[in-house]
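So the chains spell out like this:
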Amino acid sequence: MSAAANPATVAECLRVGAGFSQGDRNWIAEQFATLDARLAGFHADATELEVSVKDREARGQKVTLECWIAGRQKIVTTSAEEDLHAALNDVRDDLRRRLNDAKTRQEPRHNKHLRDIPQPQADLDPTDDQDPARADAETA
């Protein structure tokens, strides 16, 4: 994947949805800052993140993080952790895993480990340099 001219960052691409206020945005962006390295390969103009929470601070709250990157399928991660901080970390880590999986699936030819697998070679006897059909023809 080539480096983007205007790399995506969480601070630039994050929107807060239902259950969060604009005041929460900076705190959430700090929690998601580790995603910046993973998002840097995408253009900021073609990347969006939205985090929302249903039934905040209540039993059974659900945090959802959605990621849209142009040319790829939308990725949705959710967490039902009761602690909001833990739920945010859960969706962040799940998104990072899914982005890594999607990259590997989409671009395996760029995966060094896949390129460096040695190809099996036929076991040839170096003393047997004649073609068996030719040897039969010579003895006949």
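Sequence positions are assigned chain by chain, starting from 1 and proceeding in written order. Only residues with pLDDT of 70 or above have their local features reported here, since the model is predicted, and side-chain atom pairs are shown and tallied only from 80 upward, although totals for entire chains, interfaces and linings are computed over all residues. Heavy atoms from the whole structure form the basis of all side-chain values; hydrogens and water molecules are not counted.

Draft legend 1. Representation of the overall build of the protein chain within the structure. The helix and strand inventory of the protein chain stands at 6 helices and 4 strands. Strands are runs of DSSP state E lasting at least 2 residues, helices are runs of H or I lasting at least 4, and numbering of each runs from the N terminus. Order of helices (α) and strands (β) in the protein chain, N terminus to C terminus: α-β-α-α-β-β-β-α-α-α. Three labels apply to residues, based on accessible area from a 1.4 Å probe with only protein chains included: buried if under 20% of the type maximum, exposed if over 50%, partly exposed otherwise in between. The burial tally for the protein chain puts 32% of its 140 residues in the buried class. In the protein chain, of all internal contacts separated by at least 6 residues, the share reaching a separation of at least 24 is 53%. Method for areas: the Shrake-Rupley scheme with a 1.4 Å probe, in which residue coverage is limited to the protein chains shown. For the protein chain, the exposed area adds up to about 9,300 Å²; of that, 47% sits on carbon and sulfur atoms. Note on contacts: a residue pair qualifies if any of its non-hydrogen atoms lie within 4.5 Å across the two residues.

Draft legend 2. Up close: the side chain of Ser79. Residue position: Ser79 is located in strand S4 (residues 75–79). Between N or O atoms, a polar contact is any pair within 3.5 Å; within protein, one atom must be a potential hydrogen donor and the other a potential acceptor, and residues adjacent in sequence are included only when both atoms are from side chains. A polar contact is formed between the side chain of Ser79 and the backbone nitrogen of Glu81, at a distance of 3.2 Å.

Draft legend 3. Summary view of the nonpolar core. Among buried residues, the Ala, Val, Leu, Ile, Met, Phe, Trp, Tyr and Cys ones that are joined through side-chain atoms within 4.5 Å form a nonpolar core. With 27 residues, the main nonpolar core has Phe32 and Val51 as its most contacted residues. Elements that contribute at least two residues to this core include exactly helix H1 (10–13), strand S1 (14–16), helix H2 (22–31), strand S2 (47–54), strand S3 (62–69) and helix H4 (84–106). In terms of residues, this core owes the most to one element, H4, which gives 6 residues.

Draft legend 4. Structural context of the pairing of S3. A large share of S3 lies buried, amounting to 6 of its 8 residues. Two strands qualify as a pair provided that DSSP identifies no fewer than 2 bridges between them. Where S2 meets S3, 8 bridges bridge the pair, whose relative direction is antiparallel. Considered in S3, the bridge of Thr47 is made with Ile69. Inspection of the sheet shows S3 paired to S4 by 5 bridges, in the antiparallel sense. Looking at S4, one finds that Val63 is bridged to Ser79. Linkage of S3 to S4, two consecutive antiparallel strands, is achieved through a turn of 5 residues, within which Gly71 is found at a positive phi near 85°.

Draft legend 5. Broad picture of the pattern of salt bridges. When a carboxyl oxygen of Asp or Glu is within 4 Å of a side-chain nitrogen of Lys or Arg, the pair counts as a salt bridge. Applying the stated rule across the entire model yields 8 salt bridges. Measuring nitrogen to oxygen at the nearest pair gives 2.8 Å for the salt bridge that ties Arg56 to Asp24. Remark: Asp24 occurs in helix H2 and Arg56 occurs in the loop between S2 and S3; sequence separation between them is 32 residues. What makes Arg56 partly exposed here is its relative accessible area of 31%. A salt bridge links Asp93 to Arg96, with the nearest nitrogen and oxygen atoms 3.4 Å apart. You can see Asp93 and its partner Arg96 sitting in helix H4, 3 residues apart, about one turn around the helix. The partly exposed category is assigned to Asp93, whose relative accessible area is 24%. Shared partners join several salt bridges into a network, and the residues in it are Arg15, Glu48 and Glu50.

Draft legend 6. Structural view of H2. For H2, the full list of buried residues reads Asp24, Arg25, Ile28, Ala29 and Gln31. Buried residues of H2, viewed axially, fall in a sector of 145°; they line one side. Of the residues in H2, the exposed ones pointing more than 90 degrees away from the buried face are Gly23, Asn26 and Glu30. This arc corresponds to the set of directions leading from the helix axis out to the C-beta atoms.

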